[in-house]
Amino acid sequence: MARNPAAQTAFGPMVLTAVEQNEPPARRLVDDDLAELFLPTPLRWLVAATRAAPLRRLMIRGSEWSGRGLWANLACRKRFIGDKLAEALGEIDAVVILGAGLDTRAYLLTRQVRLPVFEVDLPVNIARKVKTVRRVLGGAPMSVRQVALDLARDDLLTALAEHGYHTDYRTFFICEGVTQYLSEATVRRTLEGLRAAAPGSRLVFTYVRRDFIDGTNRYGTRTLYRSVRGLWHFGLQPDEVAGFVDEYGWRLLEQAGPDELVRRYVEPTGRRLKASQVEWSAYAEKV
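What comes next is a walk through the structure. Predicted, not measured: the structure shown is a model, and the values here were computed from it. (Residues numbered from 1 in each chain as written. Predicted model: local features only at pLDDT ≥ 70, side-chain atom pairs only at ≥ 80, totals over all residues. Heavy atoms only, no water.)

### A short note on the overall build of the chain
Each helix and strand counted, the chain has 12 helices and seven strands in total. A compact globule built from 287 residues should have a C-alpha radius of gyration of about 19 Å, and the chain, at 18 Å, falls within 12% of that. Principal-axis analysis of the C-alpha atoms gives the chain an extent of 50 × 45 × 40 Å. The contacts of the chain with a sequence gap of at least 6 include a subset with a gap of at least 24, amounting to 74%. Within the structure as shown, the chain displays about 12,900 Å² of accessible surface, and the carbon and sulfur contribution to it stands at 53%. (Helix = DSSP H or I, 4+ residues; strand = E, 2+ residues; numbered from the N terminus. Rg over C-alpha atoms; globule rule 2.2 N^0.38 Å. Contact = heavy atoms within 4.5 Å. Areas by Shrake-Rupley, 256 points an atom, 1.4 Å probe, with all protein chains shown as cover.)

### Examining a positive patch on the surface
A contiguous patch of positive charge on the surface is contributed by Arg218, Arg222, Arg226 and Arg229. The exposure class of arginine 222 is exposed, given its relative accessible area of 59%. (Patch = residues over 30% accessible without salt bridge, like charges linked within 9 Å, V, L, I, M, F, W, Y side chains within 5 Å. Salt bridge = Lys/Arg side-chain N within 4 Å of Asp/Glu carboxyl O. Lys, Arg positive; Asp, Glu negative; His and termini not counted. Charge placed at Lys NZ, Arg CZ, Asp CG, Glu CD. Buried < 20%, exposed > 50% of the residue type's maximum accessible area, 1.4 Å probe, protein only.)

### Quick look at the nonpolar core
Counting 47 residues, the largest nonpolar core has Leu85, Ile92, Val95, Phe172 and Ile174 as its most contacted members. Counting residues per element, the ones that place at least two in this core are α1 (11-20), α3 (53-66), α4 (70-88), β1 (94-98), α5 (105-109), β4 (171-175) and α12 (258-266). The element contributing the most residues to this core is α4, with eight residues. Counting residues in each nonpolar core, the second largest holds 35 residues, with Leu149, Tyr165, Leu182 and Tyr207 among its members. (Core = buried A, V, L, I, M, F, W, Y, C linked by side-chain atoms within 4.5 Å.)

### Comments concerning α3
Taking 1.5 Å per residue as the helical rise, α3 with its 14 residues ought to reach 20 Å, and the 21 Å between its terminal C-alpha atoms agrees with that figure. Within α3, the full set of buried residues consists of Arg56, Met59, Ile60 and Ser63. For α3, the angular spread of buried residues about the axis comes to 95°, placing them on one side. When the buried face of α3 is taken as reference, the exposed residues oriented beyond 90 degrees from it are Pro54, Arg61 and Trp65. Contacts from the buried residues of α3 go to α1, α2 (41-49) and α4. (Expected span 1.5 Å × (residues − 1). Arc of directions from axis to C-beta.)

By themselves, these figures tell us nothing about what the structure is for.
See the structure below:
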């Protein structure tokens, strides 16, 4: 199976989430008791080492070297998405997670409700996820379906339908840490396909600022820029988002920039973490 650079990004967010579990509950930015279990053995050893506070602090400071503010961004965007999903649970019929990677959200959700959840990702990531879920849980719950596809080539709704999805479902779509890896044509093609989503469906997604993608403003993260140049392709500016999603029948409900995420999630913990201006989160509703 050919190696896809984007497919290798599934581990980082889950390592961060697992390390956060070693923080005292009042200082924790995200709760996820499955995160460590979903990691391969060497990464579980790494996470275990961070139970010691000095090593944990060292890891967080080290992450700032490669991408200043990204630790807070990654943790807080998960909290933002979790909050929006929790608020919408009584008003939706299904959940679709695009670029699911090793994310545990589908399995945490089955503890609360019995909604169909569709995990969508590249075939290499889905194969890895199936093995991981079998190892940790003995197999996927009946309500969780894994859908292997490449958004650049395959039709999303057709692939979902083959796994039991219906377009009359009011669906909560999650697209976390994905759009920057896609071309603009693929992003637009995906949104065009989602025109068929039922009114009242929700879409929560993250995006990278376009002026970072094109190198106009590196926001103090030169190391990050060098590492993702050529890998990240698509970006937006915050004042463009409402118009962009409106083209495809979605109404922007909320944007959460880094300053808002810090105010909402970091400050109550007493931790002194800043969030990068590179990435923002947005939430929209199908009209």
